[in-house]
Amino acid sequence: MTKGSHPRNILLLAIGIAVVIALPMVVKSSFAIDIFIRILLFSFIGTAWNLMGGYAKQLSLGHAAYFGLGAYTSTILQINHDVSPWIGMVAGGVVAMLASLPIGWLCFRLRGPYFTIATIATAQALMLIFLKFRDFAWGAEGTTIPNLGSAPLMMQFETKAAYYYVALGLLLLGLLITWLIERSWIGYYLVAIGEDEDAAEAIGVNAPKMKRDIYMISAFLTALAGTFYTQYIYFIDPATAFSFNISIEAALVSIVGGIGTLWGPLIGTVLLETTSTLLQSWLGSSIGGVQLTVYSLILMAVILWRPTGLIGIIAEVRQRFAAKKPVQA
């Protein structure tokens, strides 16, 4: 690394942040802003999943459980008790954390594909439960969120740009937490567990406690996304809140971008969400299988040729570029 690489990286990061903040002020298309919001939201969900599935390599496909719990907690508090979604968002995160304790206690007894199947089952079980709770959670029909117009204290805004900044704030929170964990002893322990759990325990790592704690953090963050998404679309039902697609996409963007890395979920989301939205716009809903086909092709390409994901490709390009430059004294 050359002397000027650090200041250059800081400068590029500052420019990137400035561009992201200014984006809604420059882009006036509601369709484009909606794409940006989806990119920020699923980057945040992928970042939350990456703590568990990336660093600790515990392939959970049941994060929709916490997304749905966060969404329902805040919505029930808002509609039945007139509690602001800003407060309901935190309450939903706490509920998700508490729910992750028994779910984790059961699922962490299993490893590999059995653990993955168990996480899928918990999310589907919760969806079925909320389908039956018609009086408490509106059943299969779901409910709409009361439209209050411009009510920032109730997380309702007149323009999509405001939702953009809320989603951006969530992503920055997720990236900050990941950055702090990645550079702490917790991050090293998680990587050790992901590489070889038995060996990690042999050198003194309390693997069950570490997995439980990171699962709670991951669940809390995912629940925040559930509240935001419900407020953004003004509707909730079990099929939407506990959708298996949420779990799949959270894992997919991280795997494609690069699991166990800070920027991997964001890079993966930019590629996949942009591709998905453009395909739906060009081809319409009548050719729904095209999106899944493209996702599958991208995933297979990454697994076969670049298991480290897009972040690995970027790192290789940077190394080759740096190798060609003369080292300054």
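See the structure above.
Let me sum up the structure you'll find in this document. Quantities reported herein were computed from a predicted structural model and do not represent experimental measurements.

Section: a nonpolar patch on the surface
Together, Leu13, Ile17, Ile21, Met25, Val26, Tyr165 and Trp263 make up an exposed nonpolar region whose accessible area comes to about 670 Å². Per-element accounting of the nonpolar patch gives the leading share, five residues, to helix H1 (residues 5-26). The residue Ile17 is located in helix H1 in this model.

Observations concerning empty space enclosed by the protein
Leftover empty space is mapped by rolling, across the atoms, a probe with the size of a water molecule. With the rule as written, the count across this model stands at one cavity of 30 Å³ or more. In this structure, the largest cavity spans a volume of roughly 30 Å³. Going through the elements one at a time, helix H3 (64-81), helix H10 (207-233), strand S2 (235-236) and helix H11 (238-241) are the ones with two or more residues in the lining of the largest cavity. Tallying contributions element by element places H10 first for the lining of the largest cavity, with three residues. Within the lining of the largest cavity, the residues separate by chemical class into seven nonpolar, two polar and no charged.

Concerning the pattern of salt bridges
Inspection of every chain in the model, using the stated rule, returns 10 salt bridges. The residue Arg111 makes a salt bridge to Glu197 at a minimum N-O spacing of 3.3 Å. On the criterion of sequence distance, the pair formed by Arg111 in the loop between helix H4 (85-107) and helix H5 (113-132) and Glu197 in helix H9 (residues 197-202) is long-range, its members being 86 residues apart. For Glu197, a relative accessible area of 10% translates into the label buried. Arg212 is the partner of Asp213 in a salt bridge, and the nearest nitrogen-oxygen pair spans 3.2 Å. You can call Asp213 partly exposed: its relative accessible area is 24%. Here the salt bridges do not stand alone but share partners, grouping Arg111, Glu197, Asp198 and Lys211 into one network.

Calculation rules
- The numbering scheme is per chain: residues are counted from 1 as the chain's sequence reads.
- Local features are withheld for residues below a pLDDT of 70 in this predicted model, meaning they are given only at 70 or higher, and side-chain atom pairs are given and counted only at 80 or more; totals for whole chains, interfaces and linings count all residues.
- Computation of side-chain values: all heavy atoms of the structure, hydrogens and water removed.
- Residues enter patches when their relative accessible area tops 30% and they take part in no salt bridge; the joining distance is 9 Å for like charges and 5 Å for the nonpolar side chains Val, Leu, Ile, Met, Phe, Trp and Tyr.
- Under the convention used here, a 1.4 Å probe and the Shrake-Rupley method define accessible areas, while residue burial counts only the protein chains that appear.
- Salt bridges, as used here, are contacts in which a Lys or Arg side-chain nitrogen is within 4 Å of a carboxyl oxygen on Asp or Glu.
- Runs of E in the DSSP output that reach at least two residues are strands. Runs of H or I that reach at least four are helices, and both are numbered from the N terminus.
- Points on a 1 Å grid over protein atoms alone make up a cavity when a 1.4 Å probe fits among them but cannot get out, and a pocket when they form an open set with protein on both sides within 12 Å along at least five of seven lines; lining residues each have an atom within 4 Å of a point.
- Grid points are joined across faces, edges and corners, and a volume is the space filled by probe spheres set on the points.
- Any residue that is not Ala, Val, Leu, Ile, Met, Phe, Trp, Tyr, Cys, Pro, Asp, Glu, Lys or Arg is counted as polar, Gly included; the first ten are nonpolar and the last four charged.
- Accessible area is worked out with a 1.4 Å probe on protein chains only. A residue is then buried under 20% of its type maximum, exposed over 50%, and partly exposed in between.

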